[in-house]
Amino acid sequence: MKTIFEYHDVSQSDALETFTKEKLEPIFNRNEFIIRADIFFKIENTSSDETGKKCGIRLSAPGPRLFAESSKETFKDAVSDTIKELQSQIRKRKEQMKTY
């Protein structure tokens, strides 16, 4: 499985990459049709203390790509929320897939 990390106005973090890979591993293991993940981290200007750290994840799979993003107080919270949204999208995609 290939994962690509991109940072916008954020310094690279090995700990954050490891955390994200651990969270994505169950998705990759259960869904062999997913071939790549692009993970984006950036800080957005916001007046709220509860948002600002933004994580976006795009998964490459047959059909349209799956994408989710969230903005939270920490990057780890944003990663967790984003992955929950992706799991929901994957569940819907699997229901639509036909077996021949």
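Small disclaimer: the values here were computed from a predicted structure and weren't measured.

**So, the pattern of salt bridges**
Pairs can form between side chains of opposite charge whenever their charged atoms are close.
Then step 1. Applying the stated criterion to the full structure yields 5 salt bridges.
Then step 2. A salt bridge links R36 to D38; its shortest N-O distance comes to 3.1 Å.
Then step 3. We classify R36 as partly exposed; its relative accessible area is 29%.
Then step 4. Overall, the relative accessible area of 2% leaves D38 in the buried class.
Then step 5. Between K54 and E44 there is a salt bridge, with its nearest N and O atoms 3.4 Å apart. Remark: E44 occurs in the loop between β2 (36-43) and β3 (53-60) and K54 occurs in strand β3; sequence separation between them is 10 residues.

**A word on the pairing of strand β4 (residues 66-72)**
Then step 1. The pairing of β3 with β4 spans 7 bridges and is classified as antiparallel. Among the inter-strand pairings, I57 is bridged to a residue of β4, identified as A68.

**Remarks on the sheet that holds β4**
Then step 1. Across the sheet, 4 strands lie side by side as β1-β2-β3-β4; this open sheet has mixed pairing. The open sheet has two edge strands with one neighbour each: β1 (2-8) and β4. Neighbour-to-neighbour, the strand axes of this sheet turn through a mean angle of 15°, independent of strand direction.
Then step 2. Packing of helix α2 (residues 75-96) onto the sheet brings it into contact with β2, β3 and β4, and relative to β4 it is tilted by some 150°.

Conventions used here
Residue numbering note: each chain is counted from 1, following its sequence as written. Only residues with pLDDT of at least 70 get local features here, since the model is predicted, and only at 80 or more are side-chain atom pairs given and counted; chain-wide, interface and lining totals rely on the full set of residues. Note that water and hydrogens are dropped before the side-chain values are worked out from all heavy atoms of the structure. Salt bridge, as used here: a side-chain nitrogen of Lys or Arg that lies within 4 Å of a carboxyl oxygen of Asp or Glu. Each residue is placed in one exposure class: buried if its accessible area under a 1.4 Å probe, protein chains only, is under 20% of its type's maximum, exposed if it is over 50%, and partly exposed if it falls in between. Counting from the N terminus, the helices are DSSP H or I runs at least four residues long and the strands are E runs at least two residues long. Think of it this way: DSSP has to see at least two bridges between two strands before they count as a pair. With axes taken as lines fitted to C-alpha atoms, and helix axes fitted only over the stretch in contact, angles between N-to-C directions fall between 0 and 180 degrees. Note on definitions: a residue-residue contact is assigned when non-hydrogen atoms from the two residues lie within 4.5 Å.

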